[in-house]
Amino acid sequence: MQAKAQQLPIWYDICDEQDLISNSGVCALLGQQQVAIFTLDWQGHRQLYALSNYDPVGKANVIYRGIMGSVNGQPVVASPLYKEHYCLASGQCLENDALSLPTFEVELKAGKVRIAL
Amino acid sequence: MTADNSVIRVVVVGNGMVGHHFVENLINSGQPAHITVLSGEPRLAYDRVHLSSWFTGSRAEDLALTDEATYQQWGINYVLNAKVEGIDRTQKLVTTQQQSYHYDVLVLATGSYPFVPPIPGSDQPHCLVYRTIEDLQAIEESAAQSKVGVVVGGGLLGLEAANALKQAGLKTHVVEFAAQLMAVQLDEGAGTLLREKIEALGVTVHTQKATQVIEQGQECRYRMVFADGSFLETDMILFSAGIRPSDHLGREAGLGIGERGGIVINNKCQTDDPAIYAIGECALWENRIYGLVAPGYTMARAAVASIAGEELDFAGADMSTKLKLMGVEVGSIGDAHARTPGAQCYTYHNQPQGVYKKLIVDANHSKVLGAVLVGDTSDYDTLLQYCLNDMALPQTPETLILPASGEKPALGADALPATATICSCHNVAKSDIVEAIDGGCASLGEIKACTKASSGCGGCTALLKNVVDSEFEKRGVAVSKVLCEHFNHTRQELFHLVKIEKIRSFDALIERHGSGMGCDICKPAVGSILASVWNDYVLNPSNVPLQDTNDTYLGNMQKDGTYSIVPRIPGGEITPAGLIVIGEVAQKYNLYTKITGGQRIDLFGARVEQLPDIWQTLVSAGFETGHAYAKALRTVKSCVGSTWCRYGVQDSVGQAIALEHRYKGLRAPHKIKFAVSGCTRECAEAQSKDIGIIATENGWNLYVCGNGGMKPRHGDLFATDLSTPTLVQYIDRILMFYVKTADRLQRTSVWMDNLEGGLAYLQSVVIDDVLGINSELEAQMQQVIDAYQCEWKTTLASPEAKKRFRQFVNSKQEDTNIQFVDERGQIRPATELEKTPEHARIPVELV
Ligand code: SRM
Ligand SMILES: Cc1cc2nc3c(=O)[nH]c(=O)nc-3n(C[C@H](O)[C@H](O)[C@H](O)COP(=O)(O)OP(=O)(O)OC[C@H]3O[C@@H](n4cnc5c(N)ncnc54)[C@H](O)[C@@H]3O)c2cc1C
Ligand code: SF4
Ligand code: FES
């Protein structure tokens, strides 16, 4: 564990940019970790977000199939099962302070989507 | 005190709830006056009604009805601890120990005091009463040094006091002189049930006990000895044996006093001396003392009106009460004891559930005289309104108190006359609420603030909300109907905009008429509107992000993240070959199969990546999507009809199949279900469907806006003996009118219930074309029908679209968190405990 803490994050290539779905989500598998990747296209800008795909309320790997949107200007995704909203940037659940989804660094580089772990 | 001659000097004696209400109303009336308030207590007015909340933690400041700063701001000369000792009517002076005050108008609001029966020994230290904050402090202190407590008096206040002692942790007894509890408000049956319930909570009740003496006890501090020789030991005694009006000031000043006390007043709340008013619990009107706060408030308003030279008579008050005593609901309305000559009663007593209800009606069974409720007061509001407004009773009055049999006539807020009192504490009538709304109040909160309704005892909260909602509804107020934070429009308005401006995407709509990025409320709603208007393939790339997961993946997501598959089986008719295909598919992919309530077959447990293959097989065999996932036409159920059934008069199956094919794919604000029955036996349950059709000798009877589900509603008979072309024409128009005007997620039943003019209006639109829109509605329906495509078929034809059906963009692995176990020979989702640990989800850790 300690050795790991000192390591720099490792970036993993996930897929091509074309595999993303505009204003919707896809899911990546990294080892045992499922990561939901959301593509926000708004007012000419593209912003990616990566969060754990596991819905802690519904207890199923479905977050990437939720509807994206905004609550008070803050980008969110609504779980497709029971509709809790999670802040895309922080993973924080808006309905329940005690819940948040782990988030990951994600970037677009040379047409490739990459995630850091 | 000096004052200029034009301004009258008003002196108010007593600053209880009613005295304060008087002051507040006098200030608000704008009547110029020098007001002096002489309060016998060490503080300004507080909420005596909720005094018991002291024992659950309220303190003086929580109970306060006002504060000194407010009185100062109002310019009131108030004096605390100022007990008035006498009135000099000739000089118009009142005197306290310290000082005298001149008045032009004197208002006595001295309330009442607890009656302590003259029992030898009742003046000992732990013998207390329950009226003021100081009393509560004394009770608290005494309780802390006691183990057993007795309340003398089993009336409303006595039981409240008993609750307080119980909460303080004492072994509690109630000693009542009469044969039952709450003898004023309840009849014998109700009293008995109340006693059972209260004893079940651990309070011991002793009835028909007259205390003769309170002596020193052996086990406890005191021993109460009763007339029948029995005794009860206790550490403290709380007297709650009734109240007596504080009328001695009036008595000594020579004002008229009732035989059993109370300062006599007229309709303007004036005593014998026109310069002296009496209001609240010290006043006697037509030989009655009102021991409740609402009548006192009404008196206060009448007195203010009289002083200001206005007409407003006190005309008596209703003494009905609803309360919760130790968690037991109790209600009493009007003539609870059926004393009116000729009165007749209906009684419902459910012993196992501890519910007792009695309805008292007049000799002609035409109106409610009174009611008694114990254990369930849910009918209180309705019964009270019947009683107060002399509303005509239903044919079978007993339905008003019988448990919901489906027949109970709902008393809509609409049925109440404008004069109906909604809040009796603040005397707010329905018309006042209507006025407030017309005057610009746009929310429940504003209406409360402006009328004060619901800010007294709180008993009218539910009724107020009903009235307000219904009034807003009538005005078509959109406040609550605006879709969400991104659109300041109702669904109906957006529908109109999409159509008129030929908008074909969410982005275009939000850019022109909304703000922000949208959300899980407005996106599916707009997706549905776009589909209703244009019937574009719901999975056009620009439409994908709008849909709920069910629409995106063309299946219903189940609890474990898998999907269900429902092929369309029009009318419920299926060939053996079709059944075999479904069976084979289910076997091959190991899916759970079940016959649904909609006469078709559901296959459960498909992983997202399996969906295209499964549907490929089904589509190749001629099946289409069943739209089980969509807010769209679901099923048209049928009975076997005249083809086989010996009673059938038309081919219900053929009709159902034709209709299902016509309307399949129609997207709507909510799902739509049909059924067609072959005769009046109604085996297809058509009257519980959005569109129900029942065959007759001469054609088809059409029922509309039925619903099963959460709140069943029988369909309304729309038209009879229709030919098939007319039937179809009417359905086209009705459905399109619904699609165009309903709210988001509003089923036809709710839409109809909210449609102004109801069934008759819908008939005039559809049959008589009063809006002149029928050709447009029909054309629009035709456009949707022409644009129909099986969404699965189209999806399968597009490699791009198929690509989205995968769990992972970067791997062909399965989601190992989806696991099944066997049950009754088929799969079902494994519970969290049943899941194999090595496959259960593992947190962030990279191999
Ligand atoms: C599968 C089925 C139960 C069954 O095993 O029989 C079913 C299953 C569901 N029903 Fe139903 N309903 C099914 C027949 C019914 C019926 C019976 C009927 O259609 O004759 C009713 C009452 C009739 C009615 O709708 O008026 C019915 C009233 C509801 C309601 C309440 C609707 C209402 O207006 O109150 C909901 C909730 C909703 O739609 O908001 C609901 C919602 C659901 C949902 C979609 C709940 C959900 O979000 O997961 C279920 C998922 C379906 C799936 O995964 O495929 N289901 N549901 C039936 C599928 C019928 C079909 O072939 O399409
Ligand atoms: C525990 C409890 C629960 C209750 N629950 C309910 C309920 O649920 N619903 C309901 O409608 N009613 C209820 N009531 C009754 C309600 O509180 C009274 O109807 C209401 O307080 C009467 O107001 P009032 O101003 O007439 O009298 P009070 O509130 O008694 O005020 C009279 C004031 O005058 C003062 N005063 C008296 N003599 C003099 C004098 N000579 N000089 C100066 N000041 C004087 C007194 O000290 C007192 O402050 C309850 C009462 C109690 C005690
Ligand atoms: S509704 Fe009539 S025709 Fe249809 S099955 Fe029942 S009895 Fe037969
Ligand atoms: S009836 Fe008491 S607050 Fe309205």
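Everything numeric in this text was worked out from a predicted model, so none of it was measured. All residue numbers refer to positions counted from 1 along the written sequence of the respective chain. As they are written, the chains are lettered A onward and the ligands numbered 1 onward, keeping that order. Residues qualify for local features only when their pLDDT is at least 70, as the model is predicted, and side-chain atom pairs are given and counted only at 80 or more; totals for whole chains, interfaces and linings, by contrast, use all residues. For side-chain calculations, the full set of non-hydrogen atoms in the structure is used, while hydrogens and water are omitted.

K.L.:
Looking at this structure, I do not really get the overall build of chain A. What am I missing?
P.N.:
Segments assigned H or I by DSSP are reported as helices when at least four residues long, segments assigned E as strands when at least two residues long, and all are numbered from the N terminus. Counting secondary structure elements, chain A contains 1 helix and 11 strands. In chain A, the order of α-helices and β-strands from amino to carboxyl end is α-β-β-β-β-β-β-β-β-β-β-β. Relative to its 117 residues, chain A shows a buried fraction of 53%. Each accessible area is a Shrake-Rupley estimate made with a 1.4 Å probe; only the visible protein chains count as cover when residues are assessed. Carbon and sulfur atoms make up 49% of the accessible area of chain A, which totals about 5,400 Å². The buried label goes to any residue with under 20% of its type's maximum accessible area, the exposed label to any with over 50%, and the partly exposed label to all in between, with areas taken from a 1.4 Å probe on protein chains only.

K.L.:
What is the right way to read the overall build of chain B from this model?
P.N.:
Scanning chain B for helices and strands turns up 25 helices and 38 strands. When each of the 847 residues of chain B is scored for burial, the buried share is 53%. Note on contacts: a residue pair is in contact if any heavy atoms of the two residues lie within 4.5 Å. Within chain B, contacts between residues separated by at least 24 positions form 60% of all contacts whose residues are at least 6 apart in sequence. Within the structure as shown, chain B displays about 37,100 Å² of accessible surface, and the carbon and sulfur contribution to it stands at 50%.

K.L.:
Even after reading the chapter, I still don't get the site of ligand 2, so can you show me in this structure?
P.N.:
Residues and elements named next belong to chain B. Residues in close proximity to ligand 2 total 27 residues, the closest being Glu-41, Arg-48, Arg-131, Glu-281 and Val-293. Throughout this description, a polar contact denotes any pair of N or O atoms lying within 3.5 Å of each other; where both atoms belong to protein, one of them has to be capable of donating a hydrogen while the other can accept it, and for residues adjacent in sequence the pair is counted only when both atoms sit in side chains. One of the backbone N or O atoms of Val-18 is found 2.9 Å from an oxygen atom in ligand 2. Here an oxygen atom of ligand 2 and a side-chain polar atom of Glu-41 are 2.5 Å apart. For ligand 2, the accessible surface in isolation is 1,000 Å², of which the surrounding protein chains cover 92%. Of all the secondary-structure elements, those providing two or more residues to the shell around ligand 2 are helix H1 (17-29) and helix H5 (156-167). Residues are counted as near a molecule or strand when any one of their heavy atoms sits within 4 Å of it.

K.L.:
Would you mind going over helix H20 (residues 724-741) of chain B with me for this structure?
P.N.:
Along an α-helix, a turn takes 3.6 residues, which lines up residues three or four apart on a common side. Compared with the 26 Å implied by 1.5 Å per residue over 18 residues, the 26 Å span of H20 of chain B between its first and last C-alpha is a close match. The element H20 of chain B is largely enclosed, with a buried count of 14 among its 18 residues. By this rule, a helix spans an expected 1.5 Å times one less than how many residues it contains.

K.L.:
I keep staring at the pairing of strand S24 (residues 355-361) of chain B and nothing clicks. Help me out?
P.N.:
Residues in a regular strand point their side chains to alternate faces of the sheet. All names here are of chain B. Within S24, 7 of the 7 residues are buried, leaving the element largely enclosed by the surrounding structure. The alternating pattern of S24 places Val-355, Lys-357, Leu-359 and Val-361 and Tyr-356, Lys-358 and Ile-360 on opposite faces, both of which are buried. Across 7 bridges, strand S23 (residues 344-350) lies against S24 in antiparallel orientation. Counted as the bridge partner of Asn-350 is Val-355 from S24. What sits between S23 and S24 in their antiparallel hairpin is a turn of 4 residues, with Gly-354 showing a positive phi close to 65 degrees. The pairing criterion is simple: DSSP has to find at least two bridges between the two strands. Strand direction decides the pairing type here: S24 and strand S25 (residues 368-374), joined by 6 bridges, are antiparallel.

K.L.:
Got a minute to help me understand the site of ligand 3 in this structure?
P.N.:
Lining the immediate surroundings of ligand 3 are Cys-639, Val-640, Gly-641, Cys-645, Gly-648, Gly-678, Cys-679, Arg-681, Glu-682 and Cys-683 of chain B. Put simply, Ala, Val, Leu, Ile, Met, Phe, Trp, Tyr, Cys and Pro go in the nonpolar bin, Asp, Glu, Lys and Arg in the charged bin, and everything else, Gly too, in the polar bin. Counted by class, the shell around ligand 3 contains 5 nonpolar, 3 polar and 2 charged residues.

K.L.:
What exactly am I supposed to notice about the sheet that holds strand S33 (residues 672-677) of chain B here?
P.N.:
Strand pairing within a sheet occurs via backbone hydrogen bonds; the two strands may be parallel or antiparallel. Residue and element names in this part refer to chain B. Read across the open sheet, the 5 strands follow the order S32-S33-S34-S35-S36; overall the sheet is mixed. Strands at the two margins of the open sheet, each flanked by one partner only, are strand S32 (633-638) and strand S36 (716-722). Averaged over all pairs of adjacent strands, the angle between their axes in this sheet comes to 15 degrees, without regard to strand direction. Across 6 bridges, strand S34 (residues 691-696) lies against strand S35 (residues 699-704) in antiparallel orientation. Across the sheet, the residue bridging to Ala-695 is Trp-700, located in S35. Each axis is a line fitted through C-alpha atoms, taken for helices only over the stretch in contact, and angles between the N-to-C directions span 0 to 180 degrees. Across the sheet, helix H19 (residues 652-663) touches S32, S33, S34 and S35, and the angle it forms with S32 is around 170 degrees.

K.L.:
Explain the interface of chain B and chain A here, please?
P.N.:
Quoted interface sizes are often the accessible area lost when the parts come together. Each partner contributes to the interface: chain B provides 44 residues, whereas chain A provides 45 residues. When chain B packs against chain A, close to 3,700 Å² is buried across both sides, 54% of that on carbon and sulfur atoms. Here a salt bridge means any side-chain nitrogen of Lys or Arg lying within 4 Å of a carboxyl oxygen belonging to Asp or Glu. There are 3 salt bridges connecting chain B and chain A. The closest approach of N and O atoms between Lys-83 of chain A and Asp-548 of chain B, which form a salt bridge, is 3.4 Å. Between the two partners, chain B and chain A, sit 19 residue pairs in polar contact (both at pLDDT 80 or more). For the side of chain B that touches chain A, the residue count by class is 17 nonpolar, 13 polar and 14 charged. Buried area, as used here, totals the accessible surface that two parts lose on assembly, with accessibility defined by a 1.4 Å probe and the loss added over both.

K.L.:
It is not clear to me how the side chain of Lys-523 of chain B should be interpreted in this structure. Could you clarify?
P.N.:
Here Lys-523 of chain B lies in helix H15 (residues 522-534). At 7.3 Å, Asp-507 of chain B is the nearest oppositely charged side chain to Lys-523 of chain B, a buried residue that forms no salt bridge. Among residues more than four places away in sequence, those in contact with Lys-523 of chain B are Ile-67, Met-68 and Gly-69 of chain A together with Phe-506, Met-517, Gly-518, Pro-545 and Leu-546 of chain B. Charge convention: Lys and Arg are scored as positive, Asp and Glu as negative, and His as well as the terminal groups of each chain are ignored.

K.L.:
Where do I start with helix H4 (residues 133-144) of chain B in this structure?
P.N.:
Taking 1.5 Å of rise per residue, the 12 residues of H4 of chain B would be expected to cover 16 Å, and the 17 Å separating its terminal C-alpha atoms lies within 8% of that figure. Residues of H4 of chain B that are buried sit in contact with helix H2 (60-63), strand S9 (127-128), H5 and strand S16 (236-239) of chain B.

K.L.:
I would appreciate a short explanation of the packing of H1 of chain B against helix H8 (residues 293-307) of chain B in the present structure.
P.N.:
All names here are of chain B. Interaxial distance between H1 and H8 falls to 9 Å at its minimum, and their mutual angle equals 35 degrees. The hand of the H1/H8 crossing is right-handed. Contacts between H1 and H8 pair Met-17, Val-18, His-21, Phe-22, Asn-25, Leu-26 and Ser-29 from the former with Val-293, Gly-296, Tyr-297, Ala-300, Arg-301, Ala-303, Val-304 and Ile-307 from the latter. Residues belonging to the contact of H1 with H8 are distributed by class as follows: 10 nonpolar, 4 polar and 1 charged. Rotating anticlockwise by less than a right angle from the far helix to the near helix defines a left-handed crossing, while the corresponding clockwise rotation defines a right-handed one.

K.L.:
Would you take a moment to explain the sheet that holds S24 of chain B for this structure?
P.N.:
Residue and element names in this part refer to chain B. The sheet built from 5 strands is open, its strands ordered S21-S22-S25-S24-S23 with antiparallel pairing. This sheet does not close on itself; its edge strands, each paired only once, are strand S21 (321-325) and S23. Averaged over neighbouring strand pairs, the angle between their axes works out to 10 degrees when direction is ignored.

K.L.:
Sorry, what's going on with the pattern of salt bridges here?
P.N.:
One side chain can pair with another of opposite charge once the charged atoms of both are near each other. Residues and elements named next belong to chain B. Under the defined criterion, the tally for this structure stands at 45 salt bridges over all chains. Here Glu-41 and Arg-48 are joined by a salt bridge, their closest N and O atoms 3.1 Å apart. Taking the shortest distance from any N to any O, the salt bridge between Lys-322 and Asp-381 comes out at 3.8 Å. With a gap of 59 residues between them, Lys-322 in strand S21 and Asp-381 in helix H9 (residues 380-388) connect regions that are remote in the sequence. Asp-381 gets classed as buried once you look at its relative accessible area, which sits at 19%.

K.L.:
What's the story with the packing of aromatic side chains in this structure? I'm lost.
P.N.:
How two aromatic rings sit relative to each other is set out by the distance from centre to centre and by the angle between their planes. Residues and elements named next belong to chain B. Here the aromatic set is Phe, Tyr and Trp, taking the six-membered ring for Trp, and pairing holds for ring centres within 6.5 Å; pairs whose planes are under 30 degrees apart are stacked, those over 60 apart are edge-to-face, and all others are tilted. Taken as a whole and assessed by the stated rule, the structure comprises 16 aromatic pairs over all chains. Centre to centre, the rings of Trp-615 and Trp-792 are 5.5 Å apart; their planes meet at 10 degrees, and the pair counts as stacked. On the criterion of sequence distance, the pair formed by Trp-615 in helix H18 (residues 611-620) and Trp-792 in helix H24 (residues 791-796) is long-range, its members being 177 residues apart. The burial state of Trp-615 is the same as that of Trp-792; both residues are buried. Here Tyr-663 and Phe-674 contribute two aromatic rings whose centre-to-centre distance is 5.6 Å and whose plane-to-plane angle is 45 degrees, an arrangement assigned as tilted. Of this pair, Tyr-663 sits in helix H19 while Phe-674 sits in strand S33, and the two are 11 residues apart along the sequence. Accessibility assignment for this pair places Tyr-663 and Phe-674 in one class, buried. Between the NZ or CZ atom of Arg-223 and the centre of the ring of Phe-231, over which it lies, the distance is 3.6 Å. By definition here, charges over rings are those cases where NZ of Lys or CZ of Arg is within 6 Å of the ring centre and within 35 degrees of the ring normal. Its end group placed over the ring of Trp-534, Arg-504 keeps NZ or CZ at 4.4 Å from the ring centre.

K.L.:
Would you take a moment to explain unusual backbone geometry for this structure?
P.N.:
Keep in mind that most residues, glycine aside, have a negative phi and that most peptide bonds are trans. All names here are of chain B. The phi dihedral of Glu-685 falls on the positive side, at around 55 degrees, and the residue is not glycine. Considering the arrangement of structural elements, one finds Glu-685 in the loop between S33 and S34. Located in the positive-phi region is Leu-745, a residue other than glycine, with phi close to 55 degrees. Tracing the sequence through the fold places Leu-745 in the loop between H20 and helix H21 (748-754).

K.L.:
Which parts of the structure should I look at to understand the environment of Ala-28 of chain A?
P.N.:
All names here are of chain A. Note that Ala-28 resides in strand S2 (residues 25-30). Residue class for Ala-28 comes out buried when judged on its relative accessible area of 0%. Note: C-alpha distance between Ala-28 and Ser-52 (24 residues apart in sequence) is 9.7 Å.

K.L.:
I'm lost on the pairing of strand S7 (residues 105-108) of chain B in this one. Help?
P.N.:
All names here are of chain B. Residues Val-105 and Val-107 point to one face of S7 and Leu-106 and Leu-108 to the other, with burial holding for every one of them. Pairing between S7 and strand S19 (residues 276-278): 3 bridges, direction parallel. Counterpart to Leu-108 in the pairing with S19 is Ala-278.

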